[in-house]
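Chain and residue survey
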Amino acid sequence: QMSLLEYIAAVRIQARWRSHSAQMSLLEYIAATRIQAQWRCFVAQERYLIYTLVTKIQARWRCHAAEQQYLIYKSAAKIQAHWRGFVSQEQYLIYTLVKKIRA
């Protein structure tokens, strides 16, 4: 059998141990929460960085595609202008020949 003093001492020791254990659990919880927050922040930054890089690549690609379309349009316009000039010259030559023949 335990004496009353031994019982009180055992209860106090157990209480202190439970308090210490609870405090350690709380500290571990706080540390885990901080680690998780840091990890989420890191992941969010990485995702944002990837998003900005992808956006820049897409913008540059669209710019390149637009430039290519403009060059194609410009080339087609030049070809059409030269063709119209050629046809116009041909028509003028025919007109002058017909005019000389009739004269």
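Report follows, based on the coordinates. (Residues numbered from 1 in each chain as written. Predicted model: local features only at pLDDT ≥ 70, side-chain atom pairs only at ≥ 80, totals over all residues. Heavy atoms only, no water.)

Let's shift gears to the overall build of the protein chain. Per the secondary structure count, the protein chain includes one helix and zero strands. Taking 13 Å as the expected radius of gyration for a compact globule of 103 residues, we find that the protein chain reaches 44 Å, considerably beyond that expectation. Considering only C-alpha atoms, the protein chain reaches an extent of 145 × 15 × 10 Å along its principal axes. Looking at the protein chain residue by residue over its 103 residues, the buried ones come to 0%. Here the protein chain has roughly 10,300 Å² of accessible surface; of this, 64% comes from carbon and sulfur atoms. Here the protein chain contributes 15 positively and 5 negatively charged side chains, and the mean placements of these two sets differ by 16 Å. (Helix = DSSP H or I, 4+ residues; strand = E, 2+ residues; numbered from the N terminus. Rg over C-alpha atoms; globule rule 2.2 N^0.38 Å. Buried < 20%, exposed > 50% of the residue type's maximum accessible area, 1.4 Å probe, protein only. Areas by Shrake-Rupley, 256 points an atom, 1.4 Å probe, with all protein chains shown as cover. Lys, Arg positive; Asp, Glu negative; His and termini not counted. Charge placed at Lys NZ, Arg CZ, Asp CG, Glu CD.)

Looking now at the environment of T52. By the secondary structure assignment, T52 is in helix α1 (residues 4–102). T52 sits 27 residues away from I79 along the chain, and the two C-alpha atoms are 40 Å apart. Reaching out from T52, the side chain makes a polar contact with the backbone oxygen of L49 at a distance of 2.7 Å. (Polar contact = N/O pair within 3.5 Å; in protein donor to acceptor, adjacent residues only side chain to side chain.)

Time to look at the packing of aromatic side chains. With the rule as written, the count across this model stands at two aromatic pairs. Here W39 and F42 contribute two aromatic rings whose centre-to-centre distance is 5.5 Å and whose plane-to-plane angle is 35°, an arrangement assigned as tilted. Within this pair, W39 and its partner F42 are both found in helix α1, separated by three residues, close to a single helical turn. Plain terms: the ring middles of W83 and F86 are 5.6 Å apart, the flat faces sit at 35° to each other, and that makes the pair tilted. Of the two residues, W83 and F86 are both situated in helix α1; the distance of three residues between them amounts to about one turn of the helix. (Phe/Tyr/Trp six-rings, centres within 6.5 Å; stacked < 30°, edge-to-face > 60°.)

This paragraph deals with the environment of V11. Its place among the elements puts V11 in helix α1. Assessed through its relative accessible area of 34%, V11 is described here as partly exposed.

As far as function goes, none of this settles anything; it's purely spatial.
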